[in-house]
Amino acid sequence: MEHIKWDGESHIPELLEALLYFIDDDDIEPAMRMSYGDYGNYLKEKHSNGGCGYSKFHIYGTATQIKVELRELGISYEITWNKAAKLLHKHLHERNER
């Protein structure tokens, strides 16, 4: 499996699906009231050393980043907590506006 740093553009729907699976329901409300930078710190404090997954992906948090293995694509991305938070933050705010 190829391991690469996320470029901020590739495989957004797949990564977003994995990130949404990774966070808890009680992580959504803080995203609505925090900046994405603060939300990244919040997620890091809560989910570093955590992990989950199923046949499509595996995701786990470390002290500095999140690693997402997209098994069907054969790619493993390394994403900083702030980049993951920015992606989630944007999606949750857009979903709330609908």
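Reading guide: rules and limits
- Residues numbered from 1 in each chain as written.
- Predicted model: local features only at pLDDT ≥ 70, side-chain atom pairs only at ≥ 80, totals over all residues.
- Heavy atoms only, no water.
- Axes fitted to C-alpha atoms, helices over the stretch in contact; angles between N-to-C directions.
- Helix = DSSP H or I, 4+ residues; strand = E, 2+ residues; numbered from the N terminus.
- Parallel < 35°, antiparallel > 145°, perpendicular 65-115°, else oblique.
- Contact = heavy atoms within 4.5 Å.
- Nonpolar A, V, L, I, M, F, W, Y, C, P; charged D, E, K, R; others polar.
- Salt bridge = Lys/Arg side-chain N within 4 Å of Asp/Glu carboxyl O.
- Buried < 20%, exposed > 50% of the residue type's maximum accessible area, 1.4 Å probe, protein only.

Asker: Describe the packing of helix α1 (residues 12-22) against helix α4 (residues 81-97), with residues and values.
Answerer: Between α1 and α4, the shortest axis-to-axis distance is 10 Å and the interhelical angle comes to 90 degrees. One way to sum up the angle between α1 and α4 is to call them roughly perpendicular. Mapping the contact onto sequence places I12, L15, L16, L19, L20 and F22 in α1 and W81, A84, L87, L88, H91 and L92 in α4. A breakdown of the residues in the contact of α1 with α4 according to their chemical character gives eleven nonpolar, one polar and no charged.

Asker: How would you summarise the pattern of salt bridges if you had to cite specific residues and measurements?
Answerer: For the structure on display, the rule yields six salt bridges. Its salt-bridge partner being E17, residue K56 comes within 3.1 Å of it at the nearest N-O pair. One end of the pair, K56, is in the loop between β2 (51-53) and β3 (57-61); the other, E17, is in helix α1, and 39 residues separate them in sequence. We note a salt bridge from D27 to K46, for which the minimum N-O separation is 2.8 Å. In this pair, D27 sits in the loop between α1 and α2 (28-33) while K46 sits in helix α3 (residues 36-47), placing the two residues 19 residues apart along the sequence. You can call D27 buried: its relative accessible area is 0%. Owing to a relative accessible area of 33%, K46 belongs among the partly exposed residues under this scheme. Within this structure, D24, D26, D27 and K46 form a network of salt bridges that share partners.

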